[in-house]
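Below are the chains, spelled out letter by letter.
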Amino acid sequence: MQAPLRNPRKDRWEFQKRLRIFWWLVIGMSALLIVRLAWLQIVTYRYYHTLAEANRISIVPLVPNRGLILDRHGKVLAENNLTYTLEINPANHRHLDRLIDQLSEVVNIAPSDRKLFHKLLEETHGLTPIPIRSHLDEVEVARFSVNRYRFPQVEIHSRLIRNYPMGEAASHLVGYIGRITETDQDKLDDEDLTDQYRGTNYIGKLGIEGHYEQELHGRTGSEQVEVDASGHGVRSLSRTPPVPGNDLVLSIDAGLQDVAVKAFGSHRGALVALDPATGEVLALVSMPGFTPGLFVDGIDQEQWDQLNNSPDKPLNDRALRGQYPPGSTVKPFMALAALEKGVRRPEDTIVDPGYFSFPGSTHRYRDWKEGGHGIVDMHLSIVKSCDTYYYNLANLLGIDAMHDFFTQIGFGKKTGIDLDGEATGLYPSPEWKEKRFKQDWYAGETVICGIGQGYVLATPLQLAQAVGMLANRGIMMRPHLVMAIRDHATGHTRQVTSETVTTLALKPSDMDVVRDAMVDVTRPGGTAAEAGAGAPYAIAGKTGTAQVVGVKQGEKYNASQTAERNRDHAVFVAFAPADHPRIAVAVLVENGGHGGEAAAPIARQVMDYYLLGKLPAPPAAPGSLEKKP
Amino acid sequence: MTTFKAIRQRFLAPLDPMLFNICLVLVALGLIVLYSASGSDMAKVVSQLRNLALAFAALWLMAVTPPHILEKLAFPVYGAALVALVGVALFGEVSHGARRWLHLGPVRVQPSEVMKIALPLALASYFEWRGKAIRWKDYLVAALLLLMPAALVVRQPDLGTALLIASSGFYVLYFAGLPWKIMTGGILAGLAALPAIWHMMHDYQKKRVLTLIDPSQDPLGAGYHTLQSMIALGSGGVLGKGWLHGTQSHLDFLPEHSTDFIFAVFGEEFGLIGETIFLSAMLILVARGFFIAHEGSTPFARLMAGSLSMTLFTYTFVNMGMVSGILPVVGVPLPFLSYGGTSLVTVFISIGITMSVHHHRKLVKQ
């Protein structure tokens, strides 16, 4: 059945009726607005007038004090120091340069201060007061105060400025705060934190300062203040006090960190020391470091370029982001994998002619020692770091079993430490190679992985975590830095619990085999015998050498003929005391050469300090690092 | 002379004198307030003048375009805007936590703005096309046309704009004779769905509604805008503090004082008297639009003039309500006063369309 057609005239009447209804609605809503405005501007006019005109009211954010960062013994790693800064309010001021000229007659203003001022002026669009000088000394404060009448646009402020007492030595670890940039602001807007950062100029950028920003920042308070015509506060109307940020107690031992940094001398590299039972990081070093204070005051272009373009890459956190071939330090793990899978018994021996080759192939995978080690069992293979043994073993295990085992002990994935920007490293598998290069896996690549070369990459942190697992008898703990979070006001402390990453089902006897061999590495006859000499406690260690440049078939690696930057990286992993480990260490020295010579002595100094409280003898420290002819 | 007259006839005749003159008055008022709100910064005024040139060009172009061409364009434009909205959802640029912008080569467009005009245009064309044969299912189709873009904009998330788009579409439906029974039912269903909507809202949106009830709850956060604009308005009194003599808005207490909150600057400096004059001018604009709708000879003309005028009033009401603290803070600019090209062009296009349906009414009758 077809519905009747509409009547256009009736439709138009209906429309006009509806239009009239809406017209009255418009009138009604307008009346509502007028009533509301009249209420504000007539009835409550007095109230708002007082608020705004007699003494203007302003809501001032009260910025909380940032939490402190402390080491495990309470030594301060980041604090807030009271300093005086001179700030210019750029609003309505057209001759800023002339003003600064006049100001420089009273206090010292360097060209870099000027540059920084103009940079900040551009960034803030002149909406907020901008510092022209910070860290004024008492004489300068006095001189400015006397001349204050000449500079109505300039104010002197006492501000808390972040200071890092350890400076370069803990730069990557503690990180730094810097001015809130537009990118930071967008991020804060996205996280709906804009209100919390009203009045705050700085935000944590890196390291602990960056990762724990929300703990350290605190809660912004507010105050309703009456201000007079020139904007000076007269009276507080109501106040919500700010809540200071929490203090962070790190597991870092500042003394240990210092010893480690000094032990590196001028070498580049990284060191991670952990308590194997808890995963607490005792020292986290990346060399060279940088001066974190530069970023707090605002770094100028020149300094930035210098840091950023330096071939030493001081801004790169090698401990977390440096990915290196672990070299022979994988051998104890290879041995464990073999024992776990039952592929080889400790007493099984091979004969090492100085190379490994596949049946029917002439390609030789060479041992580091020409002529080979002769008859080698598992113990000796670790003590002497026999390559042929592990070429052979890798071939027996196969890449899939190796990939499974190494993934289990943290290779190729982030450790989950409480810092940002950690690299994943890499433990290859045929699936990975197919995906990455669209190529098949070759048996030769398995063999190379057996001695921690080829595609295998690990960060010093991953190595420390893995060797910590060995020390902790198969229980791998997640490395972490913050031990406790302390409420600054109440002193109430929240302990951070240690977290187990994985528990490997390993036989104690198997672990003993590997540990005993590692102990002999640092004893006479082992690859790190020199570094272990005279230690009153047993050190279980393993040296490693990571190739930077490949050595061709038939060629020989010769350190003295290789450019410094192309020399091998030295690696050393260790834990001590071997029977009741209290510290596990991974050291990497870039282009340091052999692990036993360059990396192990650093680890020794660190362990001596931690276990014996012994500081290294000053002249011995750099000397021990020099390469012997 | 005759050629001059012919040119004038051709180029200026479509411009309804009453609408046009009120526009000029409001635009002048806008520039005066903007100069004060931007801290006597001529650069912003010059930039707004450029926006105005573009807006007037758009107005004229709309006014000279006959309605039957607008009807033909309606669906392609609507379709393109809808596709663009889907594009925004898929690859839009994220800014401040919302996806609103779409990059098309060098151009950045905000499809939700286009939809503010495209939706009423499409709905009015649909009803014009159905003409005498409109039935229940046509309202259903129209509702679908309305809900698709609204839902996409809600997801951006931009609840404020979504509500404005939906209301401009609803006005067309209402004027097209949407049965009262359905509307009553819809309102009841809406009330019933309130708890569910509340549950679906983002935290910042909830905060805005809650602070409306008590702005002093969160003086640094969501209540900050409202509290500051109420202080600015209230201290303005009946006569205002005088042009360039506002204090609250000039001391940077007031955020967004040249865009969404410019009415607070205006109210502080020109007082209740100034506000009443502004609102009256807006009412004359709406009244003229309603008159044109009343006289409209085709459903398209009536629906466009009626719904666009009502939409213009809605923007005015929502913005003034937000600034004076009776509506939650949503990012809606005030027509004519707020700084920014997008809203200006949108407003002028809708006035241009209203002029067009009025100017071309006799041609249709013949």
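Model, not experiment: these values are computed from the prediction.

Would you take a moment to explain the overall build of chain B for this structure?
Helix and strand content of chain B: 14 helices and three strands. Across the 366 residues that make up chain B, the buried fraction comes to 54%. Sequence-distant contacts, at least 24 apart, represent 71% of the contacts inside chain B between residues at least 6 apart.

Would you take a moment to explain the overall build of chain A for this structure?
If you tally the helices and strands in chain A, you get 25 helices and 23 strands. Looking at chain A as a whole, 51% of its 629 residues qualify as buried. Restricting to contacts in chain A with at least 6 residues of sequence separation, those with at least 24 account for 72%. As presented, chain A carries roughly 29,000 Å² of accessible surface, and 52% of it is formed by carbon and sulfur atoms.

Any chance you could explain the sheet that holds strand 23 (residues 583-589) of chain A here in plain terms?
The strands that make up a sheet pair up through hydrogen bonds in the backbone, lying either parallel or antiparallel. Residues and elements named next belong to chain A. Reading across from one edge, 12-11-23-22-21 is the order of the five strands in this open sheet, with antiparallel pairing throughout. Since the sheet does not close on itself, it has two edges, and those belong to strand 12 (281-287) and strand 21 (540-546), each with one partner. Across the sheet, the mean angle from the axis of one strand to that of its neighbour is 5°, orientation sign disregarded. Both strand 22 (residues 569-576) and strand 23 contribute to a ladder of seven bridges, which runs antiparallel. Among the inter-strand pairings, Ala-576 is bridged to a residue of strand 23, identified as Ile-583. Packed onto the sheet, helix 21 (residues 508-521) meets strand 21 and strand 22 and runs at close to 70° relative to strand 21.

Which parts of the structure should I look at to understand unusual backbone geometry?
One can expect most non-glycine residues to show negative phi and most peptide bonds to be in trans. All names here are of chain A. Look at the link from Met-287 to Pro-288: it is a cis peptide, with omega at -5°. Here the bond from Ala-576 into Pro-577 is cis, since omega is -15°, no more than 30 degrees from zero. Within the fold, Pro-577 resides in the loop between strand 22 and strand 23. Its identity as a non-glycine residue notwithstanding, Lys-313 has a phi of 45°, on the positive side. Considering the arrangement of structural elements, one finds Lys-313 in the loop between helix 12 (301-309) and helix 13 (318-321). Here Ser-385, not a glycine, exhibits a phi torsion of approximately 55°, which is positive. Mapping Ser-385 onto the fold places it in the loop between helix 15 (378-383) and helix 16 (387-397).

I would appreciate a short explanation of the nonpolar core in the present structure.
As a rule of thumb, soluble globular proteins bury nonpolar side chains together. Counting 135 residues, the largest nonpolar core has Leu-271, Leu-284, Ile-409, Phe-411, Ile-583 and Met-607 of chain A as its most contacted members. Counting 109 residues, the second-largest nonpolar core is a separate cluster that includes Val-33, Ala-118, Ile-134 and Phe-348 of chain B.

Which parts of the structure should I look at to understand the interface of chain A and chain B?
Put simply, an interface is often sized by how much accessible area is lost when its parts join up. On the chain B side, the residues contacting the 53 residues of chain A number 65 residues. The contact between chain A and chain B buries some 5,100 Å² in all, and 68% of this surface belongs to carbon and sulfur atoms. Taken together, chain A and chain B are joined by zero salt bridges. Sorting the residues of the side of chain A that touches chain B by element identifies helix 1 (8-43), helix 2 (45-54), strand 1 (56-62), helix 7 (182-190) and strand 8 (221-227) of chain A as the ones contributing at least two each. If you tally residues by element for the side of chain A that touches chain B, the top one is helix 1 of chain A, at 25 residues. Looking at side-chain class alone, the side of chain A that touches chain B contains 28 nonpolar, ten polar and 15 charged residues.

Just to check I follow, could you spell out the packing of aromatic side chains for this structure?
Centre-to-centre distance and the angle between the planes together describe a pair of aromatic rings. If you walk through the whole model with that rule in mind, you get 45 aromatic pairs over all chains. Measuring from centroid to centroid gives 5.3 Å for Phe-15 of chain A and Phe-175 of chain B, while their planes differ by 55°, and the two rings are tilted. Within this pair, whereas Phe-15 of chain A is found in helix 1, its partner Phe-175 of chain B is found in helix 7 (residues 159-175), the two belonging to separate chains. Judged by centre distance (6.2 Å) and plane angle (85°), the rings of Phe-411 of chain A and Tyr-427 of chain A are edge-to-face. Here Phe-411 of chain A is found in the loop between helix 17 (399-408) and helix 18 (430-437), whereas its partner Tyr-427 of chain A is found in the loop between helix 17 and helix 18, with 16 residues between them in sequence.

Please explain the packing of helix 11 (residues 262-295) of chain B against helix 13 (residues 341-359) of chain B as it appears in this structure.
Between two packed helices, the angle of one axis relative to the other and the distance separating the axes together describe the packing. Residue and element names in this part refer to chain B. Look at helix 11 against helix 13: their axes get within 10 Å of each other, and the N-to-C directions meet at 35°. Crossing handedness for the pair helix 11 and helix 13: left-handed. Only Ile-351, Thr-354, Val-357 and His-358 of helix 13 make contact with helix 11, whose side of the interface consists of Leu-285, Arg-288, Gly-289 and Ile-292. In terms of residue class, the contact of helix 11 with helix 13 is built from four nonpolar, three polar and one charged.

What should I look at first to understand helix 5 (residues 138-146) of chain A in this one?
For an α-helix, 3.6 residues make a turn, and residues three or four places apart therefore share a direction. All names here are of chain A. Those residues of helix 5 not exposed but buried are Glu-140, Val-141 and Phe-144. Projected onto a plane normal to the axis of helix 5, the buried residues spread over an arc of 100° and lie on a single side. Among the exposed residues of helix 5, those pointing more than 90 degrees away from its buried face are Glu-138, Val-139 and Val-146. On its buried side, helix 5 packs onto strand 3 (76-88), helix 3 (96-104), strand 4 (130-136) and strand 5 (154-163). Structurally, the start of helix 5 carries an N-cap: the backbone nitrogen of Val-139 is 3.2 Å from a side-chain oxygen of Asp-137.

So what exactly am I meant to see when it comes to a nonpolar patch on the surface here?
A cluster of nonpolar side chains, Trp-39, Ile-42 and Val-43 of chain A together with Val-238, Leu-239, Ile-273 and Ile-277 of chain B, forms an exposed patch at the surface whose accessible area comes to about 710 Å². Of all the secondary structure elements, the ones that give two or more residues to the nonpolar patch are helix 1 of chain A together with helix 11 of chain B. Note that Val-43 of chain A resides in helix 1. The exposure class of Val-43 of chain A is exposed, given its relative accessible area of 52%.

How do you make sense of helix 2 (residues 17-37) of chain B when you look at a structure like this?
Residue and element names in this part refer to chain B. Between the first and last C-alpha of helix 2 there are 30 Å, a value that for 21 residues agrees with the 30 Å anticipated at 1.5 Å per step. Where helix 2 is concerned, the buried positions are Leu-19, Ile-22, Cys-23, Leu-26, Val-27, Gly-30, Leu-31, Val-33, Leu-34, Ser-36 and Ala-37. Directly beyond the C-terminal end of helix 2, a positive phi value near 70° is found at Gly-39.

I'm lost on the environment of Leu-52 of chain B in this one. Help?
All names here are of chain B. Note that Leu-52 resides in helix 3 (residues 42-64). On the accessibility criterion, Leu-52 (7% relative accessible area) is buried. Sequence separation of Leu-52 and Leu-344 is 292 residues, and the distance between their C-alpha atoms is 7.2 Å. If we skip the residues at most four places from it in the chain, Leu-52 touches Val-27, Leu-31, Leu-344 and Phe-348.

Quick question: what am I supposed to make of empty space enclosed by the protein here?
Where empty space is left can be seen by rolling a probe of water-molecule size over the atoms. Residue and element names in this part refer to chain B. Evaluated as defined, the whole model comprises eight cavities of 30 Å³ or more. When its volume is computed, the largest cavity comes out at roughly 80 Å³. Lining the largest cavity we find Lys-116, Ile-117, Leu-308, Thr-311, Leu-312, Tyr-315, Thr-346, Val-347 and Ser-350. Those elements giving two or more residues to the lining of the largest cavity turn out to be helix 5 (111-130), helix 12 (299-323) and helix 13.

When you look at the pairing of strand 22 of chain A in this model, what are you seeing that I'm missing?
Walk down a regular strand and you will see the side chains alternate between the two sheet faces. All names here are of chain A. Taking burial as the measure, the eight residues of strand 22 include eight buried ones, the bulk of the element. As judged from the seven bridges shared by strand 21 and strand 22, these two strands associate in the antiparallel manner. Looking across to strand 22, one finds that Thr-545 is bridged to Ala-570. Joining the antiparallel neighbours strand 22 and strand 23 is a turn of six residues.

Would you mind showing me how to read a negative patch on the surface here?
All names here are of chain A. Together, Glu-182, Asp-186, Asp-190 and Glu-191 line one region of the surface with negative charge. Mapping Glu-191 onto the fold places it in the loop between helix 7 and strand 7 (202-204). Since its relative accessible area comes to 47%, Glu-191 is described here as partly exposed.

Would you mind showing me how to read the packing of helix 2 of chain B against helix 3 of chain B here?
All names here are of chain B. It is the contact of helix 2 with helix 3, at a shortest axis distance of 9 Å, that shows an interaxial angle of 160°. The angle between helix 2 and helix 3 places the two elements in the roughly antiparallel class. Between helix 2 and helix 3 lies a crossing whose hand is right-handed. Packed against helix 2, whose contacting residues are Phe-20, Leu-24, Val-27, Leu-31, Leu-34 and Tyr-35, the element helix 3 presents Met-42, Lys-44, Val-45, Gln-48, Leu-49, Leu-52, Phe-56 and Leu-59 at the interface.

Sorry, what's going on with the confidence of the model for chain A here?
As a note on interpretation, predicted positions should not be read in detail where pLDDT is low. For chain A, the mean per-residue pLDDT works out to 86, and 91% of the residues sit at or above 70. Below pLDDT 50 for its whole length, residues 619-629 of chain A participates in 17 contacts with residues either more than four positions away or in separate chains.

Explanation requested: the pattern of salt bridges in the structure shown.
Residue and element names in this part refer to chain A. Inspection of every chain in the model, using the stated rule, returns 30 salt bridges over all chains. Between Lys-205 and Asp-184 there is a salt bridge; the shortest N-O distance is 2.6 Å. Of the two residues, Lys-205 sits in the loop between strand 7 and helix 8 (207-211) while Asp-184 sits in helix 7, which places them 21 residues apart along the sequence. Residue classification places Asp-184 among the buried positions, given a relative accessible area of 17%. Here the salt bridges do not stand alone but share partners, grouping Arg-66, Arg-162, Glu-209 and Glu-213 into one network.

Cut-offs applied
- Residues numbered from 1 in each chain as written.
- Chains lettered and ligands numbered in written order.
- Predicted model: local features only at pLDDT ≥ 70, side-chain atom pairs only at ≥ 80, totals over all residues.
- Heavy atoms only, no water.
- Helix = DSSP H or I, 4+ residues; strand = E, 2+ residues; numbered from the N terminus.
- Buried < 20%, exposed > 50% of the residue type's maximum accessible area, 1.4 Å probe, protein only.
- Contact = heavy atoms within 4.5 Å.
- Areas by Shrake-Rupley, 256 points an atom, 1.4 Å probe, with all protein chains shown as cover.
- Pairing = 2+ DSSP bridges.
- Axes fitted to C-alpha atoms, helices over the stretch in contact; angles between N-to-C directions.
- Core = buried A, V, L, I, M, F, W, Y, C linked by side-chain atoms within 4.5 Å.
- Buried area = accessible area lost by both parts, 1.4 Å probe.
- Salt bridge = Lys/Arg side-chain N within 4 Å of Asp/Glu carboxyl O.
- Nonpolar A, V, L, I, M, F, W, Y, C, P; charged D, E, K, R; others polar.
- Phe/Tyr/Trp six-rings, centres within 6.5 Å; stacked < 30°, edge-to-face > 60°.
- Left-handed = near helix turned anticlockwise from the far one by under 90°.
- Arc of directions from axis to C-beta.
- Polar contact = N/O pair within 3.5 Å; in protein donor to acceptor, adjacent residues only side chain to side chain.
- Patch = residues over 30% accessible without salt bridge, like charges linked within 9 Å, V, L, I, M, F, W, Y side chains within 5 Å.
- Expected span 1.5 Å × (residues − 1).
- 1 Å grid on protein atoms, 1.4 Å probe; cavity = no way out; pocket = protein on both sides within 12 Å on 5 of 7 lines; lining within 4 Å.
- Points joined across faces, edges and corners; volume = space filled by probe spheres on them.
- Lys, Arg positive; Asp, Glu negative; His and termini not counted.
- Charge placed at Lys NZ, Arg CZ, Asp CG, Glu CD.
- Parallel < 35°, antiparallel > 145°, perpendicular 65-115°, else oblique.
- pLDDT = per-residue confidence, 0-100.

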